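Topology and contacts: notes
Okay, here's what each chain looks like letter by letter:
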Amino acid sequence: MLDGIVVTSSKTQESAIDALSGSSAISREEIDTQFQPDRISQVLRTIPGVTTQETARDTATAINIRGLQDFGRVNVLIDGARQNFQRTGHSANGMFYIDPEMIKSVDITRGPTATIYGSGAIGGVAQFSLLDAGDILRSGEYAAGQVKTRYGTNDDGKLASFTAAARSLSGTVDIIGQVNGHWSNDYEDGSGNVVPGSNDETDSKFAKLRIRPEQGHEVTATIIDYNSSFMDQVEQGSTDYDTSVENRQYTLGYTFTSPTNPLIDFSSKVYYNETSLDQTRLSGGDNSYYTANPGGGGVACNSSNLARFGTTAFPTVFLPVGSPCFFHPDAFPVGSQRSFNIETEGADIYNTSRFDAAGMKVALTYGIDGFRDTVKTADPTGNGDEFTPSGQREVYGGFVQSQLTFFNDMVDLITAVRYDSYKLEGGGTELSDDRISPKVTLGVTPLQGFTVFGTYAEGFRAPALSETLLSGFHPGFAHFQLLPNPNLEPEVARNWEGGINLKYDNVVTTGDKFRAKFTAFHNKVENYIDQVTTGDTNGYLLFFRPGCTGVNPGVGCIPVSFVPMFDGVNLQYQNVRDATIEGVEFESYYDAQSWFAGIGAHRIRGTNEDTGTGLMTIPADQVTLTAGFRAFDNKLTAGARTRFVAKQDRFEPGEIRAAQFADAYTVVDLFGEYQVNDKLTVNANIDNLFDETYRQHLDQYNSPGFNARVGVTMRLGAQ
């Protein structure tokens, strides 16, 4: 993770161990050898300072870095294109879809030190690079094909993947294409309990074309098509939805690195990303009505004339005193449909100029970027469009960063400034703001292989559409009102960070490697946006007998109970005075060629300074140990990985929040890969060796129990 290349730290390529930041990188080789993941979360949650949130009833993943997630706090990029899909519910409020088979590498930088890589990234940046033709083709080959298949015992999971690549004889044009299919049934947790609805059928495709017409010039075009079908449920016991997801992404990039002029190292990219999630209601909600007072509209609702004929599952309603009564037939019927669609259009353009000045090496990087989110939600018989409102948000900015290297390469000084601006429109509300955010980093290498660094960086995140415009009533037994907040202020992160990088070769034996990175940080987020409960709404909650289908509340439909609203509260996104997040991260590994071992760990704490309570999104303390060996001329690689995860109960879930306290757990995984020959490779993985029953913090369901997986990869090339 430390020798891989990262660009998210400074927008220039460098090894993660050399980056003056909390950065990690994972290569395709590591992904294949150690993980063979069905979901990319299996890889991400082993990285210090990083965790994920997901639900078994959706193939999406949300990334949490240093306790910050949702609404763009982590800038997630796939080949440079932002992933901004979000729908408000009891799971994450910001997620993305990707097939792990497509990924060439994962590049993560933690904290707002990476804010030059895009607006809003006060938690960090996660970049997923897709495979290139060169990852399939070997030297001298003009075409190659690769077939991969895998089977898992727990969920009867199956994978079929085919990848093909070709290059022109001149080497100026190459292309790669991939088709994947995943099929799985419901899995069992460690106690043998089936997690209903955890099955899915997913197919994905991508193609990438690269053209190098002249030396230094490269044009890249990429298309991704991801489709998944599953049964979604907000939480156990609630309504089921037959769900289909389609994610399409188009990117076009151009780079030019001048072979003669060091002032020109240019990169540009434009992209379009659309994610559509369509649902059909499968249970609950038929014969549900709001009713008007007989004889006239506009009559104020009160205890004598207020009525709603609810679902057989939840025959309830809340309306404030004095609200006009109205009629709405067939609310929430079985078979009703709703959709969530977000389109993101964006561009990222920058250049790096390198030169010497006053005895210093100078790298000056400058550029502009921006994106526009268009959210379209349709739920004519429900309230999905109230929780994830339609609207548009435009965010754009520019930056300048200089890196000075002097004193015989012993000292690096990085200074940067970024300008951000945004505009949000929807539901008759308009918001806009802008800000300038500085960054300064000092790194000193007094001894070869030993670097100490310190950073002060600020980041800026604009409010999201849902945070600003969310409005409506929560359905089901937890009845409360959701209020919009057109007065939200942007979040501003002020982060202090320090660290040590250790990089040594030939420590004990010739050819061995030792790498280690330690980072400590203190991040104060001003105007942190969080869900806040507010006071009494002065309203009524009525319960009707199931099957009540009349339209006159006085004829055959008499309330069986008449009580005030549940807890008399509203829920609203508000600016908390401050939120403080601080912690330490450590990762290291030693590779003696015949064997290897690594450790990754983090301890993070977060506090709502307005209330003194812990932040719910802070990950549990974790230590990950990995060890393995290589044999038979490195044809065999095998090892084990153990994650020790502590209890996370340092927050108050309250009566409205869905999150539960997470107990401590220990999970052991085994991995092995054997290269039979240059055409055939066999992989074997055992996940959760001891069948531990556990639930990762913030997840809605228990994770899978014991799962044995075996995979076979066959590759043929033509020269």
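Criteria and cut-off values
- Residues numbered from 1 in each chain as written.
- Predicted model: local features only at pLDDT ≥ 70, side-chain atom pairs only at ≥ 80, totals over all residues.
- Heavy atoms only, no water.
- Helix = DSSP H or I, 4+ residues; strand = E, 2+ residues; numbered from the N terminus.
- Buried < 20%, exposed > 50% of the residue type's maximum accessible area, 1.4 Å probe, protein only.
- Contact = heavy atoms within 4.5 Å.
- Salt bridge = Lys/Arg side-chain N within 4 Å of Asp/Glu carboxyl O.
- Phe/Tyr/Trp six-rings, centres within 6.5 Å; stacked < 30°, edge-to-face > 60°.
- Lys NZ or Arg CZ within 6 Å of the ring centre and 35° of its normal.
- Pairing = 2+ DSSP bridges.
- Axes fitted to C-alpha atoms, helices over the stretch in contact; angles between N-to-C directions.
- pLDDT = per-residue confidence, 0-100.
- Core = buried A, V, L, I, M, F, W, Y, C linked by side-chain atoms within 4.5 Å.
- Patch = residues over 30% accessible without salt bridge, like charges linked within 9 Å, V, L, I, M, F, W, Y side chains within 5 Å.
- Areas by Shrake-Rupley, 256 points an atom, 1.4 Å probe, with all protein chains shown as cover.
- Polar contact = N/O pair within 3.5 Å; in protein donor to acceptor, adjacent residues only side chain to side chain.

1. Some details on the overall build of the protein
A count of helical and extended segments in the protein gives four helices and 40 strands. Counting all 719 residues of the protein, 55% fall into the buried class. Long-range pairs, those at least 24 residues apart, make up 67% of the contacts in the protein between residues at least 6 apart in sequence.

2. A few points about the pattern of salt bridges
Enumeration according to the criterion identifies 53 salt bridges in this entry. Across the pair D58 and R87 runs a salt bridge whose closest N-O atoms are separated by 3.4 Å. With D58 in the loop between β4 (50-53) and β5 (62-65) and R87 in the loop between β7 (81-82) and β8 (103-110), this pair connects stretches of sequence that are 29 residues apart. Assessed through its relative accessible area of 4%, D58 is described here as buried. Of the residues examined, R87 reaches a relative accessible area of 13% and is grouped as buried.

3. Re the packing of aromatic side chains
Scanning the model with the defined rule gives twelve aromatic pairs in all. Directly above the ring of F521 sits R66, whose terminal nitrogen or CZ lies 4.0 Å from the centroid. Here the guanidinium or amino end of R338 rests over the ring plane of Y241, the centre of that ring lying 4.0 Å away.

4. Brief notes about the sheet that holds β8
Here we have five strands laid out as an open sheet, ordered β3-β8-β9-β6-β7, and mixed in their pairing. Looking along the sheet, the strands with just one partner apiece sit at the ends: β3 (22-27) and β7. With two bridges connecting them, strand β6 (residues 74-78) and β7 associate as antiparallel partners. Across the sheet, residue L77 finds its bridge partner in β7, namely R82. Contacts from helix α1 (residues 28-35) reach β3 and β8 within the one sheet, and its direction differs from that of β3 by about 70 degrees.

5. Looking at the pairing of strand β33 (residues 570-575)
Of the strand pairs in this sheet, strand β27 (residues 481-483) and β33 are connected by three bridges, and their pairing is parallel. Residue pairing for β33: L483 is matched across the bridge by Q572. Strand direction decides the pairing type here: strand β30 (residues 529-534) and β33, joined by six bridges, are antiparallel. Bridging from a neighbouring strand, D530 pairs with Q574 of β33.

6. A few points about α1
Of all eight residues in α1, six are buried; the element is thus mostly enclosed. Those residues of α1 not exposed but buried are R28, I31, D32, T33, Q34 and F35. Of the residues flanking the end of α1, it is Q36, one or two places downstream, whose phi is positive at about 45 degrees.

7. Considering the confidence of the model for the protein
Overall, the predicted model of the protein reaches an average pLDDT of 86, with 85% of residues at or above 70. Throughout residues 285-331 the model reports pLDDT below 50, and contacts reaching past four residues in sequence, or to other chains, amount to 129 contacts. pLDDT under 50 marks residues 537-568. Its contacts with residues more than four places away, or in other chains, come to 95 contacts.

8. Topic: the side chain of N75
Mapping N75 onto the fold places it in strand β6. By relative accessible area, which is 1% here, N75 ends up buried. The contacts of N75, once residues within four sequence positions are left out, are R82, Y117, G118, A121, G124, V125 and A126.

9. As for the nonpolar core
If you look at the biggest cluster of nonpolar residues, it comprises 31 residues, and the most contacted ones within it are I40, L44, I63, F96, V106, I108 and F128. For this core, the secondary structure elements donating two or more residues are α1, α2 (41-44), β5, β6, β8 and β9 (124-130). Residues in contact with L44, not counting those within four places in the same chain, are V50, T52, I63, V106, I108 and F128. Residues A81, F340, I342 and L469 belong to the second largest nonpolar core, which totals 23 residues.

10. Side note on unusual backbone geometry
Of note in this structure, Q593 is not a glycine but carries a positive phi near 75 degrees. On the secondary structure map, Q593 appears in the loop between β34 (578-591) and β35 (595-608). Classification of Q593 as partly exposed rests on a relative accessible area of 43%. Phi angles above zero are rare outside glycine, and L698 is one such case at about 85 degrees.

11. Describing the environment of G157
Secondary-structure assignment places G157 in strand β11 (residues 157-167). Spatially, the C-alpha atom of G157 lies 9.9 Å from that of E201, the residues being 44 residues apart in sequence. Discounting residues that sit within four places of it in the chain, G157 has contacts with R150, Y151, G152, W183 and S184.

12. Quick word on a nonpolar patch on the surface
Residues Y151, F632, Y674, V676, V682 and V710 make up a contiguous nonpolar surface patch of about 500 Å² in total accessible area. Among the secondary structure elements, F632 is positioned in the loop between β36 (622-631) and β37 (636-645).

13. Remarks on the pairing of β3
For β3, the tally of buried residues reaches five of six residues, placing the bulk of the element in the interior. When β3 meets β8, the two strands line up antiparallel, connected through six bridges. The residue bridging G22 from the neighbouring strand is R110, located in β8.

14. Some points on the environment of K361
Assignment of secondary structure puts K361 in strand β21 (residues 360-378). The exposure class assigned to K361 is partly exposed, which follows from its relative accessible area of 45%. For the pair K361 and D409, spaced 48 residues apart in sequence, the C-alpha to C-alpha distance is 8.6 Å. Those residues in contact with K361, other than ones at most four positions away along the chain, are F355, D356, Q403, L404, T405 and D409. Only 3.4 Å separates the side chain of K361 from the side chain of D409, close enough to count as a polar contact.

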